[in-house]
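What the coordinates show
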Amino acid sequence: METTASRLLPHLWKSTLVSGVLALILGVLILVWPGESILAAAILFGVYLLVTGIAQGIFAFSLPVVSAGGRVLLFLSGTASVILAVLCFRHFHSDEEALAVLLLAIWIAVGFIFRGVATTVAAISDPALPGRGWQIFMGVMSLLAGLVTLASPFASLWILAVVVASWLIVIGVIEIVTAFKIRSGSRKLDTILSGG
């Protein structure tokens, strides 16, 4: 007997894996070229926000999240991520690099905060979610990354790049681990449902 969870979990782990790999790659690239890569960082971060925003928007209505509040938060987080992604792509055609750096710091912070709150609330409200502990941890880490970045949108691009890159690497690794935990949970659920 197929359930909503058994249909959606295979897609959830793939989406989480893609998000984690993107975050990890972006973090490593920024860490390797912190000063020279502001335009590339903005574009890659925009891609990251776009992919995760669309995934959160889809899962807000398709995952069996227990609370309506969790659905609304996931949807709002996804929508905010897509809007921030568009801003990342759009503003960097401007010649005002100092303003662009400050705005990038703020966009990154807001993106992390929305994502962190939505992920944490969704994981807390769904006790049956595989990898739930990792999801809560990842949400808290995202929230902390956003608050730290927002509290101090650093004057130095290099410091901002290193801090954001480090957070992205941590979040990317956690998301990759979470993806495999979700996949494992999905396989166990399939085995149970098939009577094996």
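What you are looking at is a predicted structure, and each value in this text was computed from that prediction instead of being measured.

**Focus: the overall build of the protein chain**
- Along the protein chain, the regular secondary structure elements total 6 helices and 0 strands.
- Across the protein chain, helices and strands are ordered from the amino to the carboxyl terminus as α-α-α-α-α-α.
- Across the 196 residues that make up the protein chain, the buried fraction comes to 46%.
- Taking all contacts inside the protein chain whose residues are at least 6 apart in sequence as the whole, residues at least 24 apart take part in 76%.
- Put simply, the protein chain shows about 9,300 Å² of open surface, and 75% of that area lies on carbon and sulfur atoms.

**Points about the environment of Trp134**
- As for its placement among the helices and strands, Trp134 is situated in helix 5 (residues 132-151).
- A relative accessible area of 31% means that Trp134 is categorised as partly exposed.
- Those residues in contact with Trp134 that sit more than four places away from it in its chain are Ile174, Val177, Thr178 and Lys181.

**Here we look at a nonpolar patch on the surface**
- Where nonpolar side chains cluster on the molecular surface, the patch consists of Phe61, Val72, Phe75, Leu76 and Phe114 and spans about 490 Å² of accessible area.
- The element that contributes the greatest number of residues to the nonpolar patch is helix 3 (residues 68-91), accounting for 3 residues.
- Among the secondary structure elements, Phe61 is positioned in helix 2 (residues 38-62).
- By relative accessible area, which is 60% here, Phe61 ends up exposed.

**Examining the nonpolar core**
- Counting residues in each nonpolar core, the largest one holds 22 residues, and the members touching the most others are Leu26, Ile30, Phe45, Tyr48, Ile108, Phe112 and Leu168.
- Of all the elements in the fold, those that place two or more residues in this core are helix 1 (4-32), helix 2, helix 3, helix 4 (97-125), helix 5 and helix 6 (157-193).
- Examining the composition of this core, we find that 7 residues originate from one element, helix 6, more than from any other.
- Formed by 8 residues, the second largest nonpolar core is a distinct cluster that contains Leu12, Phe59, Ala179 and Ile182.

**Side note on the UniProt feature "transmembrane region" (unreviewed entry) in the protein chain**
- Residues annotated in UniProt with the feature "transmembrane region" (unreviewed entry) correspond here to residues 12-32, 38-61, 73-92, 98-124, 136-152 and 158-180.
- In residues 12-32, the share of helix is 100% and the share of strand is 0%. The end C-alpha atoms are 30 Å apart.
- Counted over residues 136-152, helix gives 94% and strand 0%. Its end C-alpha atoms are 25 Å apart.

**Some thoughts on the side chain of Thr16**
- Inspection of the secondary structure assignment puts Thr16 in helix 1.
- Apart from residues lying up to four places away in sequence, Thr16 is in contact with Gln135, Glu175, Thr178, Ala179 and Ile182.

**Some words on helix 5**
- Between its first and last C-alpha, helix 5 extends 28 Å over 20 residues, near the 28 Å set by a 1.5 Å rise per residue.
- Listing the buried residues of helix 5 in full gives Gln135, Met138, Gly139, Met141, Ser142, Ala145, Gly146 and Thr149. Buried residues along helix 5 cover an arc of 165° about the axis, so they all sit on one side. In helix 5, the exposed residues that point more than 90 degrees away from the buried face are Gly133 and Ala151.

**Comments concerning the side chain of Ser19**
- Locating Ser19 in the fold gives a position in helix 1.
- With relative accessibility at 3%, the residue Ser19 sits in the buried group.
- At a separation of 2.7 Å, a polar atom in the side chain of Ser19 contacts the side chain of Glu175.
- When sequence neighbours within four positions are dropped, the list of residues in contact with Ser19 reads Tyr48, Thr52, Arg115 and Glu175.

**What to know about the confidence of the model for the protein chain**
- Looking at the protein chain as a whole, the pLDDT averages 74, with 72% of positions reaching at least 70.
- Least confident of the elements in the protein chain is helix 2, whose mean pLDDT is 74; most confident is helix 5, at 82.

Quick notes on the rules
Residues numbered from 1 in each chain as written. Predicted model: local features only at pLDDT ≥ 70, side-chain atom pairs only at ≥ 80, totals over all residues. Heavy atoms only, no water. Helix = DSSP H or I, 4+ residues; strand = E, 2+ residues; numbered from the N terminus. Buried < 20%, exposed > 50% of the residue type's maximum accessible area, 1.4 Å probe, protein only. Contact = heavy atoms within 4.5 Å. Areas by Shrake-Rupley, 256 points an atom, 1.4 Å probe, with all protein chains shown as cover. Patch = residues over 30% accessible without salt bridge, like charges linked within 9 Å, V, L, I, M, F, W, Y side chains within 5 Å. Salt bridge = Lys/Arg side-chain N within 4 Å of Asp/Glu carboxyl O. Core = buried A, V, L, I, M, F, W, Y, C linked by side-chain atoms within 4.5 Å. UniProt positions renumbered as here; feature names shortened; annotations may be inferred. Expected span 1.5 Å × (residues − 1). Arc of directions from axis to C-beta. Polar contact = N/O pair within 3.5 Å; in protein donor to acceptor, adjacent residues only side chain to side chain. pLDDT = per-residue confidence, 0-100.

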